Amino acid sequence: MTRLSLDEINKKIKDLNDWDLIEEKEIKKTFTFKSFLQSIEFVNKIAPIAEKLNHHPNILIQYNMVTLTLSTHDEGGITEKDFILAKNINLLP
């Protein structure tokens, strides 16, 4: 999958709720939960989606917060794969 232009990224990120563009190389979002256990449960919901798409986020767990960072390392930036995964993650309860 080819890397998206900055214009393409800016158009697509508008459709994502609260995802931010970081240095034009990755998209990032922090989810906040009531407890550490809920954070872990959320990450466990992401795992099968990421496996199915063969696209894996960087995950930072800080007690009740989970920060996800997406980029397509093989392409050196953001591709359609990142937006597909972000949209799927946004659908999680």
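Everything here concerns the structure above.
Here we summarise the structure given alongside this text.

1. Quick look at the nonpolar core
Within soluble globular proteins, side chains that are nonpolar tend to cluster in buried spots. Counting 21 residues, the largest nonpolar core has W19, I27, F31, F42, L68, F83 and I89 as the members making the most contacts within it. Breaking this core down by element, the ones donating at least two residues are α1 (6-13), β2 (26-32), α2 (36-53), β4 (65-70) and α3 (80-90).

2. Brief notes about the pairing of β2
The two faces of β2 differ: I27, K29 and F31 on one face are buried, but E26, K28, T30 and T32 on the other face are not. The turn linking strand β1 (residues 20-22) back onto β2 is made up of three residues, and E23 within it adopts a positive phi angle of 50°. In terms of strand pairing, β2 meets β4 through six bridges, oriented antiparallel. Paired with F31 across the bridge in β4 is V66.

3. With respect to the pattern of salt bridges
With the rule as written, the count across this model stands at one salt bridge. K12 serves as the salt-bridge partner of E80, at 2.8 Å between the closest nitrogen and oxygen. You can see E80 sitting in helix α3 and its partner K12 sitting in helix α1, a full 68 residues away along the chain. Of the residues examined, K12 reaches a relative accessible area of 25% and is grouped as partly exposed.

4. Looking at α3
Three or four residues apart is the spacing at which side chains of an α-helix point the same way, because the helix has 3.6 residues per turn. Buried residues of α3: D82, F83, L85, A86 and I89, and no others. For α3, the angular spread of the buried residues around the axis is 165°, confining them to a single face. Elements that come into contact with the buried residues of α3 comprise α1, β2, α2 and β4.

5. A closer look at α2
Between its first and last C-alpha, α2 extends 26 Å over 18 residues, near the 26 Å set by a 1.5 Å rise per residue. As for α2, its buried residues are in contact with β2, β3 (58-62), β4 and α3. Where α2 terminates, the next one or two residues include N54, which has phi positive at roughly 55°.

Parameters at a glance
- Residues numbered from 1 in each chain as written.
- Predicted model: local features only at pLDDT ≥ 70, side-chain atom pairs only at ≥ 80, totals over all residues.
- Heavy atoms only, no water.
- Core = buried A, V, L, I, M, F, W, Y, C linked by side-chain atoms within 4.5 Å.
- Buried < 20%, exposed > 50% of the residue type's maximum accessible area, 1.4 Å probe, protein only.
- Helix = DSSP H or I, 4+ residues; strand = E, 2+ residues; numbered from the N terminus.
- Pairing = 2+ DSSP bridges.
- Salt bridge = Lys/Arg side-chain N within 4 Å of Asp/Glu carboxyl O.
- Arc of directions from axis to C-beta.
- Contact = heavy atoms within 4.5 Å.
- Expected span 1.5 Å × (residues − 1).

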